[in-house]
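# Architecture and fold: a report
This is what each chain is made of:
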Amino acid sequence: MSAHAAAVTPTGIASIGLHFPPLAMSVEELAQLRGEDPKKYTLGLGCKEMSLCPPDYGVVELATKAAQRAIRRWGGDRTRLGMLAVGTETAVDMSRPLSAWVADRLGLRGAVRSYEVKHACYGGTLAVKQATEWRMSGAAQGKAALVIAADVALYEQGDPGEPTQGAGAVAMVIDEPNVAAIDSMSYPWSEPEFDFWRPVGTSYPLVDGPLSLECYKRAAENCFKALVAKRNPEEALSELAAICFHVPFPKMVKKAVFRVGEFFGWSPEKIEELFRDKVNPTMVWNSLCGNAYTASLWISVANALKGLAIGQRVAAFSYGSGFGAELLTLEAGPMALAGAWEEDIEEDLASRQQVTAAEYETFRGT
Ligand code: COA
């Protein structure tokens, strides 16, 4: 195969599998427990429900279930999986990658490059980029990659971030672009900051909320500026059927959209319209899940892709504290319209149990 032929290997998302854990709690229930006005969580932050894991359920179970669903839906020969990359910030070991636990559960071994990717909530997107570039470079020799973004986001009890908690996983087989092609050109932006971090040996993250919001907005502004470049912003964004964001909580996304719109010199009404039509609808599943760190953006992308006709385009803004960001663009393939992965969410939502504040306190250990 010539270098040129290798560079045009059709690549993208061939299948998607999603998974939310078996428990959830409404943010109103948490507000009652913390003595807060529920409207702070629902209207102020835009949250609805937090996905929660029972004590015997964690990131390995989340990642494995999403992967099983993605592999089944892909339907390919498992010996064609030449890469397993897991993006997470819920590492179970400082050395052994989460991918080894998942590979064990999936029975994947042999000629597979298996590893974990860490960059806060950006890790899943980096894994997607690495997998696509691996295929497009020709190094994959036609093989497919299994990419998983999985996290359990828990804060210390009483922490202001507690209502934004969540957990979830998205797995994607990166192969032929039957669900969506991923454009090779993307728009990264990074700056070294301490906005959200978790020192080695600690259970919960440390967050500088205002700094994290400012970094996130600055990253969005710079990424969208690069996407639009010298074009008319309205024209450039009108080509997108949906604009997906990493979703720490929906209000944070809205603030970033306003920052981008203000940079383009748009009126508040025009920015509100963009948010209402192209951004807010993509966060329906996020608001029922809460923050799932690396998985959050891809939950939004999975939601946005379902129902799209071939050729419709989506933007995906990834952000990971520390901080690194990247704006990707995707184009719907023939299997986007049917959106088969929606059944994963329907199944998980139908079977999950709502916990009371008292039950929550019990399993959080108070
Ligand atoms: N009714 C309606 N809205 C209310 C309210 C009420 N009774 N009480 C407060 N609010 C609003 C506030 O006005 C504010 O909205 P605004 O920012 O649009 O003005 C919002 O609710 C949050 O209130 P605030 O006082 O800022 O909350 P906080 O100091 O408790 O901070 C977080 C909470 C979640 C914003 C903060 O902890 C945070 O930023 N956390 C982490 C961010 C993150 O996840 N970063 C990760 C990487 S991106």
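Bear in mind the structure is a predicted one, so any value in this text is a computation, not a measurement.

Attention now goes to empty space enclosed by the protein. Applying the stated criterion across every chain yields a total of 2 cavities of 30 Å³ or more. Its residues assigned to classes, the lining of the largest cavity comprises 5 nonpolar, 5 polar and 2 charged. Formed jointly, the lining of the largest cavity draws a minimum of three residues from each of two domains, domain 1 (3-178 + 343-357) and domain 2 (187-336). What the second largest cavity holds in volume is close to 40 Å³. Taken together, F224, L237, I243, F245, V257, V260 and L274 make up the lining of the second largest cavity.

Take the pattern of salt bridges next. The final tally for this structure, using the stated rule, is 24 salt bridges. With its nearest N and O atoms 2.6 Å apart, the salt bridge here joins E162 to R34. With a gap of 128 residues between them, E162 in the loop between strand 6 (144-153) and strand 7 (166-175) and R34 in helix 2 (residues 27-34) connect regions that are remote in the sequence. In this structure E162 comes out as buried when scored by relative accessible area, which is 1%.

Of the voids in this model, the largest pocket is the one considered here, and its volume is about 1100 Å³. What lines the largest pocket is a set of 44 residues, and nearest its centre among them are E89, T90, A91, R198 and T202. Of all the secondary-structure elements, those providing two or more residues to the lining of the largest pocket are strand 3 (49-52), strand 6, strand 7, strand 10 (196-197) and helix 14 (357-364). Residues from two domains meet in the lining of the largest pocket; each of domain 1 (3-178 + 343-357) and domain 2 (187-336) gives at least three. Here the second largest pocket is characterised by a volume of approximately 570 Å³. When contributions to the lining of the second largest pocket are tallied by element, the ones reaching two or more residues are helix 3 (38-44), helix 7 (209-228) and helix 9 (250-263). Examining the composition of the lining of the second largest pocket, we find that 4 residues originate from one element, helix 7, more than from any other. Its residues assigned to classes, the lining of the second largest pocket shows 13 nonpolar, 8 polar and 4 charged. Composition of the lining of the second largest pocket by domain shows at least three residues from each of domain 1 (3-178 + 343-357) and domain 2 (187-336).

On to the site of the ligand. Looking at the ligand, there are 19 residues lining it, with D37, K40, S212, K251 and K255 nearest. Contact distances for the ligand include 2.8 Å between an oxygen atom and a side-chain N or O atom of K251. Within the contact set of the ligand, an oxygen atom lies 2.4 Å away from a side-chain nitrogen or oxygen of K255. Burial of the ligand by the surrounding chains reaches 66%, relative to a free accessible area of 960 Å². Among the residues forming the shell around the ligand, the class breakdown is 9 nonpolar, 5 polar and 5 charged. Both domain 1 (3-178 + 343-357) and domain 2 (187-336) contribute no fewer than three residues apiece to the shell around the ligand.

So, on to unusual backbone geometry. The omega torsion of the bond from G322 to F323 falls at -10°, within 30 degrees of zero and hence cis. Position of F323 relative to the elements: it lies in the loop between strand 13 (313-320) and strand 14 (324-332). For Q141, which is not glycine, the phi dihedral falls at a positive 50°. With respect to the helices and strands, the residue Q141 is situated in the loop between helix 6 (123-137) and strand 6. For Q141, a relative accessible area of 72% translates into the label exposed. With phi around 40°, Y293 is a residue other than glycine that occupies positive phi space. With respect to the secondary-structure elements, Y293 resides in the loop between helix 11 (284-289) and helix 12 (294-305). In this structure Y293 comes out as buried when scored by relative accessible area, which is 4%.

Moving on: the domain arrangement of the protein chain. Size of an interface, as often reported, equals the accessible area lost when the parts are brought together. Considered domain by domain, the protein chain is made up of domain 1 (3-178 + 343-357) and domain 2 (187-336). Computed from C-alpha coordinates alone, the two centres of domain 1 and domain 2 are separated by 17 Å. Between domain 1 and domain 2, the residue contacts involve 49 residues of the former and 40 residues of the latter. Buried area between domain 1 and domain 2, both sides added, is near 3400 Å², and the carbon and sulfur share of it is 65%. Our count for the contact surface shared by domain 1 and domain 2 stands at 0 salt bridges. For the interface between domain 1 and domain 2, the tally reads 17 residue pairs in polar contact (both at pLDDT 80 or more). For the side of domain 1 that touches domain 2, the secondary-structure elements that each account for two or more residues are strand 1 (12-19), helix 3, strand 3, helix 6, strand 6, strand 7 and helix 13 (342-351). Here the side of domain 1 that touches domain 2 takes 6 residues from strand 7, the largest share from any one element. Classifying every residue of the side of domain 1 that touches domain 2 gives 27 nonpolar, 15 polar and 7 charged.

Now for the sheet that holds strand 15 (residues 353-354). What links the strands of a sheet is backbone hydrogen bonding, and the strands pair in either a parallel or an antiparallel sense. The strand order across the open sheet formed by 3 strands is 3-2-15, and the pairing between neighbours is mixed. Only two strands of the sheet have a single neighbouring strand rather than two, namely strand 3 and strand 15. Strand direction decides the pairing type here: strand 2 (residues 23-26) and strand 3, joined by 4 bridges, are antiparallel. Residue pairing for strand 3: A24 is matched across the bridge by S51. Where helix 2 meets the sheet, its contacts fall on strand 2 and strand 3, and the angle it forms with strand 2 comes to roughly 65°.

What counts, and where the lines are drawn
Residues numbered from 1 in each chain as written. Predicted model: local features only at pLDDT ≥ 70, side-chain atom pairs only at ≥ 80, totals over all residues. Heavy atoms only, no water. 1 Å grid on protein atoms, 1.4 Å probe; cavity = no way out; pocket = protein on both sides within 12 Å on 5 of 7 lines; lining within 4 Å. Points joined across faces, edges and corners; volume = space filled by probe spheres on them. Nonpolar A, V, L, I, M, F, W, Y, C, P; charged D, E, K, R; others polar. Domains from an automatic or database assignment. Salt bridge = Lys/Arg side-chain N within 4 Å of Asp/Glu carboxyl O. Helix = DSSP H or I, 4+ residues; strand = E, 2+ residues; numbered from the N terminus. Buried < 20%, exposed > 50% of the residue type's maximum accessible area, 1.4 Å probe, protein only. Near = heavy atom within 4 Å. Polar contact = N/O pair within 3.5 Å; in protein donor to acceptor, adjacent residues only side chain to side chain. Areas by Shrake-Rupley, 256 points an atom, 1.4 Å probe, with all protein chains shown as cover. Contact = heavy atoms within 4.5 Å. Buried area = accessible area lost by both parts, 1.4 Å probe. Pairing = 2+ DSSP bridges. Axes fitted to C-alpha atoms, helices over the stretch in contact; angles between N-to-C directions.

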